[in-house]
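Each chain is listed here by its residues.
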Amino acid sequence: MDRRKFLKSSCALCGVAIAGSALIDSCKKNKAPAFVSFTLDLTNPANNALNTVGGSVYSNNVIVVRIGSPLNVSSFIALSQACTHQGCTVSYDNTNSNFVCPCHHGVFDKSGNVISGPPPSPLTQYKISLNGNILAITS
C-alpha cells in the first residue's frame, strides 16, 4: 500500500469512528435525576407561572406544575421532565390536565403514571413542601 492510499484509508476510518461515536452519544437518554433538592421562591418573577393553576416551571431537570387552588402543598406536583421512553422533555397540557411527550406522543397523568404511548414506566415524582412562598422539591 502506498502512502497516499494509507492516508486516505486512515482518514476514512477516523471519520467513521467519530461519526459512530456522535451517533451513539445522540441516542443517550436523559434520565430522571437520582437526587433532587432545590427551592423555588414563588415571589421570584422567574417562577411567576406557578402562581396560576396550570402554570409550570422547569428547574433541575424537574417540571413543577401548579395543579390546584388554594395555595397549599397539594396544589403542586413535581415530576422528572425526562420521558421514560427516550428521554425527551415532557410538557404539561393544562387543557387535558396531563403531561405529554412530544417525541412519540406518550401521555402521563398528573401523578406521572403512563396513560398511553410507548413509555415503559411512570415519571419519577418528587416530594414537595411549602413554607410561606418557598416551594421545596426533594427526592
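For the structure itself, look to the data block above.
Report on the accompanying structure.

Criteria and cut-off values
Residues numbered from 1 in each chain as written. Predicted model: local features only at pLDDT ≥ 70, side-chain atom pairs only at ≥ 80, totals over all residues. Heavy atoms only, no water. Buried < 20%, exposed > 50% of the residue type's maximum accessible area, 1.4 Å probe, protein only. Helix = DSSP H or I, 4+ residues; strand = E, 2+ residues; numbered from the N terminus. Pairing = 2+ DSSP bridges. Disulfide = S-S within 2.5 Å. Axes fitted to C-alpha atoms, helices over the stretch in contact; angles between N-to-C directions. Polar contact = N/O pair within 3.5 Å; in protein donor to acceptor, adjacent residues only side chain to side chain. Contact = heavy atoms within 4.5 Å.

**Here's the deal with the pairing of strand β1 (residues 37-41)**
Phase 1: Residues Phe38 and Leu40 of β1 are buried on one face, while the alternating residues Ser37, Thr39 and Asp41, pointing to the opposite face, are not.
Phase 2: Direction of pairing for β1 relative to strand β10 (residues 134-138): antiparallel, over a ladder of 5 bridges. Along β10, the bridge assignment pairs Ser37 with Thr138.

**Regarding the state of the cysteines**
A covalent bond between the sulfur atoms of two cysteines is what we call a disulfide.
Phase 1: In total, this model carries 1 disulfide according to the counting rule given.
Phase 2: For Cys88, the disulfide goes to Cys103, at an S-S distance of 1.9 Å. Here the disulfide of Cys88 and Cys103 is left-handed, its torsion about the S-S bond being about -105 degrees. Placement of the pair is Cys88 in the loop between β4 (76-80) and β5 (91-93) and Cys103 in the loop between β6 (98-100) and β7 (107-108), with a sequence separation of 15 residues.

**A look at the pairing of strand β2 (residues 56-59)**
Phase 1: Here β2 shows a clear split, with Val57 and Ser59 buried on one side and none of Ser56 and Tyr58 buried on the other.
Phase 2: Here 4 bridges tie β2 to strand β3 (residues 62-66), and the two strands are oriented antiparallel to one another. Its bridge partner being in β3, Tyr58 is matched across the sheet by Ile63.
Phase 3: Here β2 folds back onto β3 in antiparallel fashion, the turn holding 2 residues, of which Asn60 has a positive phi close to 55 degrees.

**Observations regarding the sheet that holds strand β9 (residues 125-131)**
Phase 1: Strand order in the open sheet formed by 6 strands is β1-β10-β9-β4-β3-β2, and the pairing between neighbours is antiparallel. Single-partner strands in this sheet number two, and they are β1 and β2. Strand after strand, the sheet turns through a mean of 25 degrees between neighbouring axes, direction not considered.
Phase 2: Bridge analysis of β4 against β9 gives 2 bridges, and the strand direction is antiparallel. The residue bridging Leu79 from the neighbouring strand is Gln125, located in β9.

**Notes on the side chain of Ser59**
Phase 1: Positionally, Ser59 belongs in strand β2.
Phase 2: A polar contact of 2.9 Å, which involves the side chain of Ser59, links it to the side chain of Asn60.
Phase 3: The contacts of Ser59, once residues within four sequence positions are left out, are Phe38 and Leu40.

**Considerations on the sheet that holds strand β8 (residues 114-116)**
Phase 1: In spatial order, the strands read β5-β6-β7-β8; together these 4 strands make up an open sheet with antiparallel pairing. In this open sheet, the two edge strands, each paired with only one partner strand, are β5 and β8.
Phase 2: Across 2 bridges, the pairing between β7 and β8 is antiparallel. Within the sheet, the bridge partner assigned to Phe108 lies in β8 and is Val114.

So far we have only geometry, and geometry alone does not tell us how the molecule works.
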